[in-house]
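Close look at the chain arrangement
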Amino acid sequence: MDAKSIDQVYSFYSGFYDVIWNKVFHESREEGVSLLGLRGGERILDVGVGTGLSLLFYPHNCKVVGIDLCDAMLQKGRDRLARHRYAHIELYEMDAMKMDFPDNSFDAIFAAYTISAVPDHSKVINEMIRVCKKGGKLVFLNHFKNGNRLISTCEKIISPLTKKMGFRADLELSTLFSGKPIMIEKRQSMKPFNYWDLVLCVNQKSENGNGQQRCR
Ligand SMILES: C[S@@+](CC[C@H](N)C(=O)[O-])C[C@H]1O[C@@H](n2cnc3c(N)ncnc32)[C@H](O)[C@@H]1O
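What this report covers is the structure whose coordinates are included nearby. This is a predicted model, so every value here is computed, not measured.

**A word on the packing of aromatic side chains**
A complete count under the given rule lists eleven aromatic pairs for this structure. Residues tyrosine 10 and tyrosine 13 carry aromatic rings whose centres are separated by 5.3 Å and whose planes lie at 80 degrees to one another, so their mutual orientation is edge-to-face. Of the two residues, tyrosine 10 and tyrosine 13 both sit in helix 1 (residues 3-14), three residues apart, roughly one turn of that helix. By relative accessible area, tyrosine 13 is classed as buried at 18%. Each member of the aromatic cluster is reached from another via a ring pair, and the members are Trp21, Phe25, Tyr113, Tyr195 and Trp196.

**A closer look at the nonpolar core**
Within the largest apolar cluster, 30 residues are counted, with the highest numbers of intra-cluster contacts made by Leu45, Met99 and Phe140. Taken together, the elements giving at least two residues each to this core come down to strand 1 (43-47), strand 2 (63-68), strand 4 (106-112), helix 5 (121-131), strand 5 (132-142), helix 7 (173-176) and strand 7 (196-203). For phenylalanine 140, the contacting residues outside a window of four places in its chain are Ala111, Ile115, Ile125, Met128, Phe177, Asp197, Leu198, Val199 and Cys201. Counting residues in hydrophobic clusters, the runner-up holds 27 residues, among them Leu38, Leu81, Ile89 and Trp196.

**Details of the sheet that holds strand 4**
Judged by pairing direction, the sheet is mixed, and its seven strands sit side by side in the order 3-2-1-4-5-7-6 without closing on themselves. The two strands at the open ends of the sheet, each matched to only one other strand, are strand 3 (89-93) and strand 6 (182-190). Between one strand axis and the next, the sheet turns by 15 degrees as a mean value, whatever way the strands run. Here six bridges tie strand 4 to strand 5, and the two strands are oriented parallel to one another.

**Some remarks on the layout of surface pockets**
The volume enclosed by the largest pocket comes to roughly 810 Å³. Around the largest pocket sit 44 residues that line it, and Tyr10, Tyr17, Tyr113, Ala117 and Phe167 are the ones nearest its centre.

**Re the pattern of salt bridges**
In the structure shown here, the tally under the stated rule is eleven salt bridges. Between aspartate 18 and arginine 80 there is a salt bridge, and its shortest N-O distance comes to 2.5 Å. Of the two residues, aspartate 18 is situated in helix 2 (residues 17-21) and arginine 80 in helix 4 (residues 71-84); the sequence distance between them amounts to 62 residues. Judged by relative accessible area, which is 24%, aspartate 18 ranks as partly exposed. Residues lysine 191 and glutamate 27 are paired through a salt bridge, measuring 3.3 Å at the closest nitrogen-oxygen approach. Highlighted residues: lysine 191 in the loop between strand 6 and strand 7 and glutamate 27 in helix 3 (residues 26-35), separated in sequence by 164 residues. Both residues of the pair, lysine 191 and glutamate 27, belong to the exposed class. In this structure, a network of salt bridges that share partners links the residues Asp103, Glu127 and Arg130.

**A short note on the site of the ligand**
Taken together, 20 residues sit near the ligand, with Tyr17, Arg29, Gly48, Asp68 and Ala112 positioned nearest. In the environment of the ligand, an oxygen atom lies 2.6 Å from a nitrogen or oxygen atom belonging to the side chain of tyrosine 17. A distance of 3.2 Å is found between a nitrogen atom of the ligand and a backbone nitrogen or oxygen belonging to leucine 69. When isolated, the ligand has an accessible area of 600 Å², and the protein chains bury 97% of it. The cavity where the ligand resides is the largest pocket. Considering only residue class, the shell around the ligand consists of 14 nonpolar, three polar and three charged.

**Details of the pairing of strand 2**
Of all six residues making up strand 2, five are buried, and the element is well covered by its neighbours. With five bridges joining them, strand 1 and strand 2 adopt parallel strand pairing. Bridging from a neighbouring strand, leucine 45 pairs with valine 65 of strand 2. With five bridges joining them, strand 2 and strand 3 adopt parallel strand pairing. In the sheet register, aspartate 68 faces strand 3, and the bridge partner there is glutamate 93. The handedness of the strand 2 to strand 3 crossover, carried by helix 4, is right-handed.

Rules of the game
- Residues numbered from 1 in each chain as written.
- Predicted model: local features only at pLDDT ≥ 70, side-chain atom pairs only at ≥ 80, totals over all residues.
- Heavy atoms only, no water.
- Phe/Tyr/Trp six-rings, centres within 6.5 Å; stacked < 30°, edge-to-face > 60°.
- Helix = DSSP H or I, 4+ residues; strand = E, 2+ residues; numbered from the N terminus.
- Buried < 20%, exposed > 50% of the residue type's maximum accessible area, 1.4 Å probe, protein only.
- Core = buried A, V, L, I, M, F, W, Y, C linked by side-chain atoms within 4.5 Å.
- Contact = heavy atoms within 4.5 Å.
- Pairing = 2+ DSSP bridges.
- Axes fitted to C-alpha atoms, helices over the stretch in contact; angles between N-to-C directions.
- 1 Å grid on protein atoms, 1.4 Å probe; cavity = no way out; pocket = protein on both sides within 12 Å on 5 of 7 lines; lining within 4 Å.
- Points joined across faces, edges and corners; volume = space filled by probe spheres on them.
- Salt bridge = Lys/Arg side-chain N within 4 Å of Asp/Glu carboxyl O.
- Near = heavy atom within 4 Å.
- Polar contact = N/O pair within 3.5 Å; in protein donor to acceptor, adjacent residues only side chain to side chain.
- Areas by Shrake-Rupley, 256 points an atom, 1.4 Å probe, with all protein chains shown as cover.
- Sits in = over half its atoms within 2 Å of the grid points.
- Nonpolar A, V, L, I, M, F, W, Y, C, P; charged D, E, K, R; others polar.
- Right-handed = clockwise from strand over helix to strand, strands pointing away.

Note that all results are geometric; they support no functional claim without further evidence.
Below is the structure:
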């Protein structure tokens, strides 16, 4: 999966994405935002915000920035902002592998169904660590490979197909954070079928406020 093919695939999905993926993941997105434990005045980043299905859950006294690679997905999000007059939210077309934000720009970051859809998850995690403040919360809502050997084997087999569809089904949580200054505080299974995971992490980067090489 490269950025160009991700853009093409999600441009195609953008017209009907909400019809399929709104209701089925509605509660999980709400739970994910609530896990961020947001307080008034905080700055939040939503990585791979897509059509903005998480946006209604953010408190209006926070400042929210959503980024996505795919302009067609973002256009749906912009329509949503206009409809609801969400003045506390801004959306930008931006690659999460090389964000334009300075270090320590955000108090918390949410990535819903994104980390398995990016071309290089390690670069995205490095950027999340960089732009999030030390001690800030990072919440991932995603499917991660689980211990079930039958399911894992099936996922491995269909992996080339799912990549063409814009996501990986075989991402392992243990390797995702390997070598990164991230501590997992909580992991819980989510509907449907407990196939999805909500993972709350704390950014434990070094005191100098960066602790990660910028990956370009
Ligand atoms: C499955 S969708 C999830 C959208 C939304 N978070 C939700 O809950 O419905 C994955 C999104 O990640 C975006 N994406 C993939 N790679 C990206 C990257 N490198 N930078 C920013 N967004 C990216 C895609 O364009 C797509 O909108």
